[in-house]
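Survey of secondary and tertiary structure
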Amino acid sequence: MTRKLALALLALVLALAVGATAALAASIRATADPGVTPSTIVLGGTAPLTGSASASAALARGAHAYIDYVNSRGGVNGHRISYTILDDASDPDQADEATHRLVEQEGVFAVFNSVGTDQNLAVRDYLNQKKVPQLFAASGSSALGRQASQFPYTIGLRPTYTAEGWVLGQYLARTQGAAKVAVLYENDGYGQELLSGLRRGLQRSKVKVAAVQRYDASASDVQAQVARLRISGANVLALFASPRIVVQALKYANTLGWKPKLTLDSAAAASASVLQAASEKGTNKVVNGVVSVAYLKDPTDPRWLKSASMKLYRRVMTRFAPGADADDVSHVYGMAAAWTAVEAIRRAGDDLTRARLVQIVGSLSLQGNPFLLPGIAIKTGPDDHFPIEQMLLQRWHKGAWRSFGGIWSYRGT
Amino acid sequence: MADFVQQVVAGLASGSIYASLALALVLIHRATGVINFAQGEMATLSTYIAWTLTTNHGWNYWPAFAFTLAVSFLGGAAIHQTVIRPNEKGSLLRVVIVTIGLLILINGLVTLIWGGEVRAVPSPFPSGTTEIAGVAITTQDIGTILVVVATVVVLWLMFQYTKIGLAMRAAAVNPAEARLVGVRVTWMLSLGWGLAAVLGAIAGMLAAPSVFLDPNLMAAILIYAFAAAVLGGIDSPVGAVVGGLTLGVGLNLIGAYVDFVGADLRLPVALLVILVVLLVRPAGIFGREEVRRV
Amino acid sequence: MRLRGLVVPVVSFAVLAVVVAVLPSFVSEFRAQQFAYVAIYLIAIIGLNVLTGYTGQISLGHGAFMAVGGYTSAILMADHGVKDIWTIPLAGLVAGAAGYLFGIPALRLSGLYLALATFAIAVSMPAVIKRFEGFTGGGTGINLFGIPELTASLTPVSVLGKELSFNDWLYYLSWSIALVGYVIAWLLLRGRTGLALRAVRDSETAAQSSGVSLARYKTLAFGVSAAYAGVAGSLFAIATTYVNPDTFPVALSILLLVGVVVGGLGSLAGLVAGAVFIYFLPTWSQAVSKSPGAPSVVSGALLIALMFVLPMGVAGLVERFRLLTRRVYHRSGS
């Protein structure tokens, strides 16, 4: 047996083996709509289980825990929900491949709660072409809700980054007189949109944006940027950044003896442990009084600690996501998204088709999502694919977030 | 002017962190001829061990620090003995792939055990800031620079004046002849890895108080550390420190004053530095040019 | 080379070609798409093998050359209305030129220094892409879905009388190019060029003394391998219908090198196994556990284990098998 022949045979055997197992494994359901059997509804989504953004996987994990809970109570309309999360390592191409797998191999009924702006945008065309619902994409990019007529199967959930920036801008405009704002933002769609929203909210007010600095998502530290912002003489600092960068910036501002008024967007403020780390047992006074935006009930807010919904949240986390950081509000987000999805599915009743789901989701009017702050509604319409557009302000005080003031509503794209 | 000096000071502070990890890289390369791509992750792991001892088990800082160093030393040596040594005889590429495998594995391990949240790590130095003419320097920064300089001095003394140091140098330069004179070459290589792991742990524990701890603590710092090591001379501990400080200050100043670059392009600039140095003078500032005799 | 020596390679290649041709009839469309990606990786690692396996130059930056090819294709399709197929050779040329140009200064580097330099390129590529926003679409990237230049994107295309959906079209396109690339590399490497490249790998000093121009062959190796990576990158952009700085991360460069090493340096046949390995590795790791960080632990451990078990890659395994059978054969004969 010569070498080349052996290699050829090996290649042949390998190919046949893989092909055979593939043929055996591939099961193409021949039902009207894939992903629905008499007993199960199959959902799937992508999230960064590995890689530098793996903290965002909590958005998916919270949803998974809530769905497990719903299943334990008998499911919805007699159906169990199976929710598969595939890793995309924050790479849009991996998200694309994983989404293809979810649709073509797992045969999901809908792609639900996939994390990340680029990742969702990369698969939007494909999912709309295949008429697979891209349900409650976990990203605040306004691009996802725009062009609802062109992409009817795509819908986000959370307030857009523009909306959040706008609320913060309006808050500053109304309370800070003639202040000067310095902004540190992440150089991508997330940070850029927050900045433009902030500017929009500050229009025609006496508050001005005095300096902006940005950082690349791969940066290790932002001391240079913070130092530059300080010399602008700003007395307000807005941080549109990932938790690790926020914490560093807060610490460094404190070091420099700079005590500006601080505002964060909701993603930056996601984990209470971040601000606790930054406050360094109370020695960092800069942290007290930080203002942020919220639409979810924060697990640390003393106002909700005794509420039924937070008790449910803690119970579900303990039982179905043991070991996860329950103080991370991203888990609450996941549950809010899952609750909404379950509601939408429930309303479809027996007519559980993708088209019906999209119809329901496109004309939602829900109050009473237990994980959202009271009074915040989920509302969509034919040209409005932005379900949540209301927010409250919250302030960090003595180790916890407390929401304050009335509800802010953003109208726009 | 105060802004300029502040940028320089901030640059020295971050530069000393790059230098401390660069020292570990230099040590491994000098002792074993290998570039350890997993150096950063090993340092992160050590930092997590220190963190969990002080935060979750209530240890005091210094005992936790000492314990972490000891564990790191043993861990580094063990990694060399079990995973690296069998592959040393093979091509360079095999060792590179193994260190990359270690990088992936340890990064995942850290996330698996402790999760991805950001943690605060206590600092060995008292917190406090000195202000001189409008420029703020923390005690932490001063302490970091001092520790890094002290480490280099200790390393240099060890290599120049102790038997072990001599043995390590011999084992690295000419293993065959070293064996003939009785040097236990494999043990020297493992010792090199253990020491490098200790240096990495020190780097992590110096960095974490200001940069905060999460599984990707060292990811970006590793690249800056490579740049620093290459700039200073990949076999020179002194070069690593000088390279790190120069890099830190240089990057800050370029980021602050060259508009095209901006503070967010510091990483590519650092990489450009690596490229340019490698092309112009591969030995770096303090390295010795390799001369091949035919 | 004697005619007899050609029979076996040709036959084995033909077998592979036949398998590739009929496979889609046996597997689902989704699998076909997966194997299309395997072909794309195969193209890239055939090229990388020329550089690393045969010429002994370590590159941790070939993901960057894939990015060059991918973006070339995307820009040509989206901004200049060039049909996707024609962008592929153009992408290869542009990437090849980039590789050749990089090869010139890289002549001075070897071993770990080269690995570091190429690593630096891979890491900085995303940031550089973002910097030249006007040209590359910056962080948002370029969306190719449904544009007319993309064949079979929305409606099936008719090839040789057969109707092909996007997935099948992609499969046949990628494998055709992969097989052609395989042949070209084989022809390139079995002649004097291959000999010269291997001489450079084994001993630069000896090679130079024998009159082999280091400069010419090293830059050639870089250029050729980058061209292959560029073609792969172009196909990648066509397959995913989307390019953005994060779609060509450092991890890709590392993965390509892993593919070459697992396949077996200096051997073309093992590369198919290498491509299969690197494509399915994330799936296998996730199958073990999806807890945060767990897939990485599995991947890393698997990689290290492979270096122990198969130090010479899959090709080494086959070589051992061959030696074993030959020994048995001879023993039974004598």
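Keep in mind it's a predicted model, so treat the numbers as computed, not measured.

Tallying secondary structure elements over chain C gives 14 helices and four strands in all. At 20 Å, chain C has a C-alpha radius of gyration in line with the 20 Å of a compact globule built from 334 residues. Across its three principal directions, the C-alpha atoms of chain C cover 65 × 50 × 50 Å. Every one of the 334 residues in chain C was classed for burial, and the buried ones make up 60%.

Tallying secondary structure elements over chain A gives 12 helices and 14 strands in all. By the compact-globule yardstick of 22 Å for 413 residues, chain A fits well, its C-alpha radius of gyration being 23 Å. The C-alpha extent of chain A, read off along each of the three principal axes, is 75 × 60 × 40 Å. Here the contacts in chain A between residues at least 6 apart in sequence split such that 71% fall between residues at least 24 apart. About 14700 Å² of surface is accessible on chain A, with carbon and sulfur atoms providing 53% of the total.

Scanning all chains against the criterion turns up nine salt bridges over all chains. The closest approach of N and O atoms between aspartate 216 of chain A and lysine 130 of chain C, which form a salt bridge, is 3.5 Å. Here lysine 130 of chain C lies in helix α5 (residues 111-131) and aspartate 216 of chain A lies in the loop between β7 (208-215) and α7 (223-230), a pairing that spans two chains. Under the relative-accessibility criterion, aspartate 216 of chain A is labelled buried at 10%. A salt bridge links arginine 314 of chain A to aspartate 327 of chain A, with the shortest nitrogen-to-oxygen separation between them at 3.1 Å.

Here we take up the nonpolar core. Of all hydrophobic cores here, the largest spans 207 residues; its most connected members are Phe226 of chain B together with Tyr41, Met66, Phe102 and Trp175 of chain C. In this structure phenylalanine 102 of chain C touches Leu275 of chain B together with Phe65, Leu114, Ala117, Thr118, Ile121 and Phe222 of chain C, once residues within four positions along its chain are discounted. Ranked by size, the runner-up nonpolar core spans 132 residues in total, among them Phe112, Val167, Leu239 and Val290 of chain A.

A few words now on the interface of chain B and chain C. With 43 residues of chain B at the contact, the number on the chain C side is 41 residues. Counting the surface lost from both chain B and chain C, the interface buries some 3600 Å², and carbon and sulfur atoms represent 84% of this. The largest share of the area that chain B buries against chain C comes from Leu93, Ile97 and Leu279 of chain B, three residues that together contribute 17% of it. Viewed at the interface, chain C and chain B are joined by zero salt bridges. Contributing elements (two or more residues each) for the side of chain B that touches chain C: α3 (61-88), α4 (92-114), α9 (217-232) and α11 (266-280) of chain B. If you tally residues by element for the side of chain B that touches chain C, the top one is α4 of chain B, at 15 residues. Looking at side-chain class alone, the side of chain B that touches chain C contains 33 nonpolar, seven polar and three charged residues.

What follows is about the sheet that holds strand β3 (residues 110-112) of chain A. Strand pairing within a sheet occurs via backbone hydrogen bonds; the two strands may be parallel or antiparallel. All names here are of chain A. Strand order in the open sheet formed by five strands is β2-β1-β3-β4-β5, with parallel pairing between adjacent strands. Each edge of the open sheet is held by one strand with a lone partner, namely β2 (80-87) and β5 (154-156). Averaged over all adjacent pairs, the angle separating strand axes in this sheet is 25 degrees, with direction ignored. Where β3 and strand β4 (residues 134-137) come together, two bridges link them in parallel fashion. The residue of β4 that forms the bridge with phenylalanine 112 is leucine 135. With respect to the sheet, helix α11 (residues 329-348) is in contact with β1 (40-47), β2, β3 and β4, its orientation differing from that of β4 by roughly 145 degrees.

Time to look at the pairing of β4 of chain A. Residue and element names in this part refer to chain A. The β-α-β motif built from β3, the intervening helix α4 (residues 117-129) and the parallel element β4 has right-handed crossover chirality. Two strands pair when backbone bridges link them, and β4 and β5 are joined in this way by two bridges, in the parallel orientation. The partner of glutamine 134 across the bridge, within β5, is threonine 154.

Here we come to the side chain of threonine 54 of chain B. Residues and elements named next belong to chain B. Of note, threonine 54 is situated in helix α2 (residues 39-56). Separated by 3.0 Å, the side chain of threonine 54 and the backbone oxygen of tryptophan 51 make a polar contact. Discounting chain neighbours no more than four positions away, the residues touching threonine 54 are Trp59, Asn60, Tyr61, Ala64 and Pro122.

Glancing now at the packing of α3 of chain B against helix α8 (residues 185-211) of chain B. For any two helices packed against each other, one specifies the crossing angle of their axes together with the interaxial distance. Residue and element names in this part refer to chain B. In the contact formed by α3 and α8, the axes pass within 7 Å of each other and the chain directions differ by 140 degrees. Taken together, α3 and α8 sit at an angle that is classed as oblique. Handedness of the crossing formed by α3 with α8: right-handed. When its residues are assigned to classes, the contact of α3 with α8 shows 17 nonpolar, eight polar and two charged.

What counts and what doesn't
- Residues numbered from 1 in each chain as written.
- Chains lettered and ligands numbered in written order.
- Predicted model: local features only at pLDDT ≥ 70, side-chain atom pairs only at ≥ 80, totals over all residues.
- Heavy atoms only, no water.
- Helix = DSSP H or I, 4+ residues; strand = E, 2+ residues; numbered from the N terminus.
- Rg over C-alpha atoms; globule rule 2.2 N^0.38 Å.
- Buried < 20%, exposed > 50% of the residue type's maximum accessible area, 1.4 Å probe, protein only.
- Contact = heavy atoms within 4.5 Å.
- Areas by Shrake-Rupley, 256 points an atom, 1.4 Å probe, with all protein chains shown as cover.
- Salt bridge = Lys/Arg side-chain N within 4 Å of Asp/Glu carboxyl O.
- Core = buried A, V, L, I, M, F, W, Y, C linked by side-chain atoms within 4.5 Å.
- Buried area = accessible area lost by both parts, 1.4 Å probe.
- Nonpolar A, V, L, I, M, F, W, Y, C, P; charged D, E, K, R; others polar.
- Pairing = 2+ DSSP bridges.
- Axes fitted to C-alpha atoms, helices over the stretch in contact; angles between N-to-C directions.
- Right-handed = clockwise from strand over helix to strand, strands pointing away.
- Polar contact = N/O pair within 3.5 Å; in protein donor to acceptor, adjacent residues only side chain to side chain.
- Parallel < 35°, antiparallel > 145°, perpendicular 65-115°, else oblique.
- Left-handed = near helix turned anticlockwise from the far one by under 90°.

Purely geometric stuff here, so don't read any function into it on its own.
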